[in-house]
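# Remarks on the overall topology
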Amino acid sequence: MLAERLKPGDEIRVIAPARSMAIIKGEQLRIAQERLNQLGFTITYGKNAELHDEFFSTSIEERIEDLHDAFTDPNVKGILTVIGGYNANQLLNYIDFEIIKNNPKILCGFSDITALQGAIYKKTGLITYSGPHFSSFGVKHGFEYTLDSFINAVTNDAPYEILASSDWSDDPWYLDQEDRHFIKNNGYTVIQEGDAEGRLIGGNLCTLNLLQGTEFMPSLKDSILFIEDDEESHALTFDRDLQSLLHLPDAQGIKGILIGRFQKNSQVTEEALRKIIESKKELHGIPVIADVNFGHVQPYATIPIGGRAAIKAKGFESEIWIEQR
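Residues numbered from 1 in each chain as written. Predicted model: local features only at pLDDT ≥ 70, side-chain atom pairs only at ≥ 80, totals over all residues. Heavy atoms only, no water.

## Examining the packing of helix α7 (residues 235-246) against helix α8 (residues 270-278)
Two numbers describe how α7 lies on α8: the axes approach to 11 Å, and their chain directions differ by 25°. The pairing of α7 with α8 is recorded here as roughly parallel in orientation. Viewed along their axes, α7 and α8 form a crossing whose handedness is right-handed. On α8, the residues touching Ala235, Phe238, Asp239 and Leu242 of α7 are Ala272, Leu273, Ile276 and Ile277. Grouping the amino acids of the contact of α7 with α8 by side-chain chemistry returns seven nonpolar, no polar and one charged. (Axes fitted to C-alpha atoms, helices over the stretch in contact; angles between N-to-C directions. Helix = DSSP H or I, 4+ residues; strand = E, 2+ residues; numbered from the N terminus. Parallel < 35°, antiparallel > 145°, perpendicular 65-115°, else oblique. Left-handed = near helix turned anticlockwise from the far one by under 90°. Contact = heavy atoms within 4.5 Å. Nonpolar A, V, L, I, M, F, W, Y, C, P; charged D, E, K, R; others polar.)

Encoded structure:
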């Protein structure tokens, strides 16, 4: 199920299903709203988005209220999450998925929001988007690639390619917008060669794994699995988290894997990643591409969870084409 495309004049609702908007600097929020306004969108906020408790989140009831309101409000055409966090999966038993199914809208965010996106796709078939949070639009410099990909994904339904960006950054931009460090991007890394097509399932790996054994876990059959993790992960945790996913009965139906670029602090080297993938007999014979433009480094592409991808990997060359159907 594909939601109506966004167009100038549409209202986008900002909600906080994980951490509160209260943790985001006012200047960052100002830049984010101005950027979206300049694209022609009207920005409104969930009434509980700025509330917070000792965990810098808020109650399940308040977060559910904002989620349901965003989907039921006929004026709202798109929904952006403020930021990620650790507790979006608390909401799953309380979501009225019929509301979402009957009011399909674009929902975009990443990281902890993976829990919501996986559950929504499993329960309703609605394609959601692993891409920028509302707070991401507050990046002052180096945002062009992220913005272009977001627009490609949510304003038209034509196929688009996830090309490698010219450079990338892992600096804490939210602490100092002017002290930025960009690194030349040498392209994606082919770990295993091959061609594949399949349904895009994935997001943040450790968050996706929270859905295992529940009614909210989407099927991996005939999938292009795309996974990433943040600096709290390292080679050993990534290895076991991936292995856990591969133990699922339908994991044998995975057609190919895309791995997002790791943050430096994770210290996941290309050598370590190659050894991890090589150790997985379940993955032999399928294409695996790493250092793809998504995850917790910038810039990053917007990827439709439930859309389709065609990938090709050979030698040092790779292609990733996205189709929303």
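## Let's talk about the domain arrangement of the chain
Per the domain assignment, the segments of the chain are domain 1 (11-138) and domain 2 (161-323). Measuring from the centre of the C-alpha atoms in domain 1 to the corresponding centre in domain 2 gives 23 Å. The interface is formed by 31 residues belonging to domain 1 together with 30 residues belonging to domain 2. Where domain 1 abuts domain 2, roughly 2,300 Å² becomes buried across the two surfaces, and 60% of that area is made up of carbon and sulfur atoms. Contact with domain 2 buries area across many residues of domain 1, yet Thr114, Tyr121 and Ser130 alone supply 23% of it, more than any other trio. Between Lys123 and Glu215 there is a salt bridge; the shortest N-O distance is 2.5 Å. Summed over the shared surface of domain 1 and domain 2, the result is twelve residue pairs in polar contact (both at pLDDT 80 or more). (Domains from an automatic or database assignment. Buried area = accessible area lost by both parts, 1.4 Å probe. Salt bridge = Lys/Arg side-chain N within 4 Å of Asp/Glu carboxyl O. Polar contact = N/O pair within 3.5 Å; in protein donor to acceptor, adjacent residues only side chain to side chain.)

## Description of α7
Compared with an ideal rise of 1.5 Å per residue, which puts twelve residues at 16 Å, α7 spans 16 Å between its outermost C-alpha atoms and is within 8% of the ideal. Considered for burial, the residues of α7 that qualify are Thr237, Phe238, Asp241, Leu242, Gln243, Leu245 and Leu246. Where the residues of α7 are buried, they touch α6 (205-208), β11 (223-228), β12 (254-260) and α8. (Expected span 1.5 Å × (residues − 1). Buried < 20%, exposed > 50% of the residue type's maximum accessible area, 1.4 Å probe, protein only.)

## Topic: the pattern of salt bridges
Evaluated as defined, the whole model comprises 15 salt bridges. The partner of Arg261 in a salt bridge is Asp291, and the shortest N-O contact between them spans 4.0 Å. Of this pair, Arg261 sits in the loop between β12 and α8 while Asp291 sits in strand β13 (residues 288-292), placing them 30 residues apart in sequence. Overlapping salt bridges bring together Glu4, Lys7 and Asp10 as one network.

## Digging into the side chain of Glu228
Within the element layout of this structure, Glu228 appears in strand β11. A polar contact is formed between the side chain of Glu228 and the side chain of His296, at a distance of 2.8 Å. Those residues in contact with Glu228, other than ones at most four positions away along the chain, are Ser111, Gly203, Asn204, Leu205, Gly260, Phe294, Gly295 and His296.

## Remarks on the state of the cysteines
According to the stated counting rule, one finds zero disulfides in the structure shown. For the unlinked cysteine Cys108, the closest cysteine sulfur is that of Cys206, found at 19 Å. Given the relative accessible area of 34%, Cys206 is considered partly exposed. (Disulfide = S-S within 2.5 Å.)

## A word on the environment of Gly142
Residue position: Gly142 is located in the loop between β5 (128-130) and α5 (144-155). Of the residues examined, Gly142 reaches a relative accessible area of 26% and is grouped as partly exposed. For Gly142 and His181, which are 39 residues apart along the polypeptide, the C-alpha to C-alpha distance reads 9.9 Å. Sequence-distant contacts of Gly142, that is, excluding residues within four places in its chain, are made with Phe182 and Pro299.

## Quick notes on the nonpolar core
Membership of the largest hydrophobic core comes to 103 residues, with the highest contact counts inside it found for Ile162 and Ile259. Setting aside residues no more than four positions away along its own chain, Ile162 makes contact with Tyr145, Tyr188, Val292, Ala301, Ile303, Ile320 and Ile322. (Core = buried A, V, L, I, M, F, W, Y, C linked by side-chain atoms within 4.5 Å.)

## Comments concerning the UniProt feature "active site" (unreviewed entry) in the chain
In the numbering adopted here, UniProt assigns the feature "active site" (unreviewed entry) to Ser111, Glu228 and His296. In sequence the annotated residues extend across 186 residues, while in space they remain close, none of their C-alpha pairs exceeding 8.5 Å. Tracing the backbone shows Ser111 in the loop between β4 (106-109) and α4 (114-124). According to the relative accessible area criterion, Ser111 is buried, its value standing at 11%. In contact with Ser111, not counting residues within four places along its chain, are His133, Asn204, Thr207, Glu228 and His296. Relative to the helices and strands, His296 is located in the loop between β13 and β14 (303-305). With residues near it in sequence (within four places) discarded, His296 still touches Phe110, Ser111, Asp170, Asn204, Glu228, Asp229, Asp230 and Gln263. Polar contacts involving the side chain of His296 include one to the side chain of Ser111, which spans 3.0 Å. (UniProt positions renumbered as here; feature names shortened; annotations may be inferred.)

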